[in-house]
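# Fold and contact review
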Amino acid sequence: MATTFATAKLPRSHPLSQKLQKILSHSLDSPTTKSALEALDEFYQEDDAKLKSKNISLKADLDAKAMKGYREFLDSFDDVLNTVNSIEAEFEAVNATYNEMDQRLRSAKADSASLLTQTRELKQLREKAVAKKTITNTFLERFTPSDAEVAVLTATSLGISDEFFVALNRLAHISNECNSFLIQENQKAGNEIIESIAIYQEKAYNKLYVWVQDQLPNMKQETPELSPIMRKAMAALKSRPSLFQSLMEEISQTRQATVVQCFTDALTRGGPGGLPRPIELHAHDPIRYVGDMLAWLHQASVGERELVDGLFFGDVSISGVSLSNDDVFSTLNLGLLPHQEPDYVYSILDKCMERTCRPLKSRIDEVLASHPTATISYKLATTIQFYGHTIGRVIGHNSILCVELKNLHLKAFNVFLDVLNSQGVRMGAFVQKPGRDLVPPPAVKEAVLQLRELMASYESSMLIQEDVNSGDPNSETGFTQILAASLDPLLEMCAKGAASLGRFENAVYIANCLYFIQSAIALYEFTARRVEVIQSQIEEQLKVIVQEQYQIVLKQSGLMPLIDAMEENLGKVPLAFVPLLDPRAISTSMANLDVYLCTAGFDAQTRLSPLLSSQHQERALEGGFSAFMKTYKKFHDAVMDPTNKFEFPASILRPVGEIHTLLVV
């Protein structure tokens, strides 16, 4: 049966009409519309035929679906409610258990309150006891040696090692720190610790002293090797002066016997296998013989110095760490300045080298008694003095060996002076006349040659440096006496030899000898004063030579009678009235002068050729001609003076300038 619906037109204001209009106005392409339609399509999944056979009511379907969801929610909430109820029951059971436990705890707390109080008190007491124990242990560790350290220090069965010195150094630090207790009111602890430490130290030093004594046989070797332990032992024993002094005495005696035995072997037996050869094989050569002995002693003194320095001033360290100045047995803790060495070092070195003095002195005395020459005796003296200073810088200048070397130097120098004086006496007794060439005789040349050797030896020695260091740049203290002893007799011999010569030849000969001597000694700075003295003596001789040359020139020129007459009558009467000065006599003398001027220079040079120095020849030649020209000028001025009444004086005299040119002055 078909249902017929009447169609009626709804007004626009009707809600359904407005709703339809709104729906129809929407665009089907909008995302919102599409989403709504898709949701609606999913809601109805049946076929179109079935949908058409049903009466579809969207609102009723939605409400039915919502009711279904509510029922499902209620069913699920019932399960949740049941779970919550069970949890609530469990919480009530837990709460009951908690209340029961709380009651028990309150009861237990009330029962244990006194026990807790007592426990806290005991805990505080325990903390105080632990603190006291820590302090006590720290104190004992700091101020008492451990059992192992005591055993290392005192047990004779244990040797000396680095651990011994570490323990000994710790004892010293403990003793130093305990001194601070003595300035406080409670001094008992400090005194007790210091006493116990002193006992340990005494035992340790005695043990160390015995150990060092056991090592002394090793010091008998020529070049003993020092172990680091030995150096540390000697450094430590410095804190016990009595033990240290005793060991120094024993070491000195041991090394003294070793050094003198080695010196004797070097003199008589030589080295191992005969090399180097025995020193006494060179006894025929005094310089080498004495030099080898002194060189050996110097080398031995250096070796002993290195041994002593290594023994007392070596690089002392413990386990690779050097000892500081605060260490009680540090080698630097001696109250000394840097690089300053205590007196006992030189004392030991002095004793080590002392017994070598006797064999050395006896052999040098034999050499000096063999009448050595002046050169050899002087070289011996300088060699001894050089090694005396050199060895003195090693073992001390006040040592017995250095004092003996000073005495031997003085003895050798006195022998040298005796030889020089003997030579001077022989020179004074022997008069050697000069030859015709007026050159220095062989005796002068030999003496100067010997003097050259002495000066060379003096310059090569350290003595010249000492004279420079004396503060006087012209000091000749070390050689003045030698120059005087060598040159004074020599010059006296030359003067005696020239006594028989004429005045001119005498001056030339003495000037040659002085020049020969001056040329030899002027090569050295330390003879500057003597060179000046000889130069002044040469100047005196040159004055004599110039004066004699002038007299010879004046005589050979023929003007001497005229000059004598002029000097005798000048100022008394007109010279024209003097018979020897008339114009004819002057003209004759001028003619003779012309002849003389032709050969004047050659004759003068020939006459002065015996002078060894060309400079002396030039000075004598120039001085003689200059004196002659002064005299001729004086004579020329007198003749040209109108008061002397010469007529036409220019016609009878040659001009001064012309004479000067001819003489080539």
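Residues numbered from 1 in each chain as written. Predicted model: local features only at pLDDT ≥ 70, side-chain atom pairs only at ≥ 80, totals over all residues. Heavy atoms only, no water.

### Here we look at the overall build of the chain
Let me state the cut-off plainly: Only runs of H or I of at least four residues qualify as helices and only runs of E of at least two qualify as strands under DSSP, and these elements are numbered from the N terminus. Buried, partly exposed and exposed residues are distinguished by accessible area as a fraction of the type maximum, computed with a 1.4 Å probe on protein chains only: under 20%, between the cut-offs, and over 50%, respectively. Pairs of residues are marked as contacts when any of their non-hydrogen atoms sit within 4.5 Å. Areas reported here follow the Shrake-Rupley algorithm with a probe of radius 1.4 Å; residue values treat only the protein chains shown as occluding.
Within the chain one finds 23 helices and two strands. Within the chain, buried positions represent 38% of all 665 residues. Taking as baseline every contact in the chain between residues at least 6 positions apart, the subset at least 24 positions apart corresponds to 73%. Total accessible area on the chain is roughly 39,700 Å²; 56% of this is exposed by carbon and sulfur atoms.

### Observations concerning a negative patch on the surface
What counts here: A patch consists of residues exposed above 30% relative accessible area that lack any salt bridge, with like charges linked at up to 9 Å and nonpolar side chains (Val, Leu, Ile, Met, Phe, Trp, Tyr) linked at up to 5 Å. By convention in these notes, a salt bridge is any Lys or Arg side-chain nitrogen within 4 Å of a carboxyl oxygen on Asp or Glu. Charged residues are defined narrowly, with Lys and Arg counted positive, Asp and Glu counted negative, and His plus the chain ends left uncounted. A single reference atom marks each charge: NZ on Lys, CZ on Arg, CG on Asp, CD on Glu.
Judged by side-chain charge, Glu72, Asp75, Asp78 and Asp79 come together as a negatively charged surface patch. Residue placement: Asp79 occurs in helix α4 (residues 58–143).

### A short note on the pattern of salt bridges
Scanning all chains against the criterion turns up 20 salt bridges. The salt bridge partner of Arg503 is Glu548, with a shortest N-O separation of 2.7 Å. Separated by 45 residues along the polypeptide, Arg503 in helix α18 (residues 503–521) and Glu548 in helix α19 (residues 528–556) bring together distant segments of the chain. The salt bridge partner of Asp594 is Arg654, with a shortest N-O separation of 2.6 Å.

### A closer look at the packing of aromatic side chains
Stated precisely, the cut-off is as follows: Stacked, tilted and edge-to-face are the three classes assigned to paired rings of Phe, Tyr and Trp, where Trp is represented by its six-membered ring and a pair needs centres within 6.5 Å; plane angles under 30 degrees give stacked, over 60 edge-to-face, the rest tilted.
All chains considered together, the criterion is met by eleven aromatic pairs. A centroid spacing of 4.7 Å and a plane angle of 70 degrees characterise the contact between Tyr458 and Phe526, whose relative ring orientation is edge-to-face. Here Tyr458 is found in helix α15 (residues 442–460), whereas its partner Phe526 is found in the loop between α18 and α19, with 68 residues between them in sequence. Here Tyr458 matches Phe526 in class, with each residue buried. Each member of the aromatic cluster is reached from another via a ring pair, and the members are Tyr378, Phe413, Phe416, Tyr458, Phe479, Tyr524 and Phe526.

### Re the environment of Phe386
With respect to the element layout, Phe386 can be found in helix α13 (residues 374–395). Residue classification places Phe386 among the partly exposed residues on the basis of a relative accessible area of 33%.

### Digging into helix α5 (residues 147–154)
As a reminder of what qualifies: By construction, the arc corresponds to the directions joining the helix axis to the C-beta atoms.
What α5 keeps buried is the set Glu149, Val150, Val152 and Leu153. For α5, the arc enclosing every buried residue in end-on projection is 165 degrees, short of the 170-degree limit, so these residues lie on one face. Facing away from the buried side of α5 by over 90 degrees, the exposed positions are Asp147 and Ala148.

### Some points on the nonpolar core
Test applied: Here, the term nonpolar core denotes a set of buried Ala, Val, Leu, Ile, Met, Phe, Trp, Tyr and Cys residues that are joined through side-chain atoms within 4.5 Å.
Core analysis: the biggest nonpolar cluster contains 155 residues, and Leu360, Phe479, Ile545 and Phe628 have the highest contact counts within it. Ranked by residues supplied to this core, first place goes to helix α14 (residues 400–429) with twelve residues. The contacts of Phe479, once residues within four sequence positions are left out, are Tyr378, Leu451, Leu454, Met455, Tyr458 and Phe526.

### Side note on the side chain of His616
Mapped onto the secondary structure, His616 falls in helix α22 (residues 614–640). For His616, a relative accessible area of 6% puts it in the buried group.

### Quick word on the environment of Leu153
Position of Leu153 among the secondary structure elements: in helix α5. In this structure the C-alpha to C-alpha distance between Leu153 and Phe164, which are eleven residues apart in sequence, comes to 5.8 Å. When sequence neighbours within four positions are dropped, the list of residues in contact with Leu153 reads Phe164, Ala167, Leu168, Leu171, Lys203, Ala204 and Lys207.

### A few points about the packing of helix α8 (residues 228–237) against helix α10 (residues 286–313)
Stated precisely, the cut-off is as follows: Here an angle of 0 to 180 degrees is reported between the N-to-C directions of two axes, which are lines fitted to C-alpha atoms, with helices fitted over the stretch in contact. Any angle that is under 35 degrees is reported as roughly parallel, and any over 145 degrees as roughly antiparallel; angles of 65 to 115 degrees are reported as roughly perpendicular and all others as oblique. Residues are grouped as follows: Ala, Val, Leu, Ile, Met, Phe, Trp, Tyr, Cys and Pro are nonpolar; Asp, Glu, Lys and Arg are charged; every other residue, Gly included, is polar.
It is the contact of α8 with α10, at a shortest axis distance of 7 Å, that shows an interaxial angle of 70 degrees. The angle between α8 and α10 places the two elements in the roughly perpendicular class. Every residue of α10 that contacts α8 at Met230, Arg231 and Met234 is listed here: Gly310, Leu311 and Phe312. Here the contact of α8 with α10 is composed, by residue class, of four nonpolar, one polar and one charged.

### Notes on unusual backbone geometry
Excluding glycine, residues mostly carry a negative phi; peptide bonds, for their part, are mostly trans. If you check the backbone angles, His371 has positive phi at about 55 degrees while not being a glycine. Among the structural elements, His371 can be located in the loop between α12 (357–368) and α13.

### Describing a nonpolar patch on the surface
A cluster of nonpolar side chains, Phe73, Leu74, Phe77, Val80, Leu81 and Val84, forms an exposed patch at the surface whose accessible area comes to about 560 Å². Looking at the secondary structure, you find Leu81 in helix α4. Judged by its relative accessible area of 39%, Leu81 falls in the partly exposed class.

### Details of the confidence of the model for the chain
For clarity, the threshold we go by: Each residue carries a pLDDT value, the predictor's own confidence for that position, ranging from 0 to 100.
Looking at the chain, the pLDDT average stands at 82 and 86% of residues meet or exceed 70. When mean pLDDT is taken per element in the chain, α12 scores highest with 94 and strand β2 (residues 321–322) scores lowest with 38. Note on residues 316–340: pLDDT is under 50 here. Beyond four places in sequence and across chains, it has 49 contacts. Counting interchain partners and residues more than four positions distant, the pLDDT-below-50 stretch residues 468–477 has twelve contacts.

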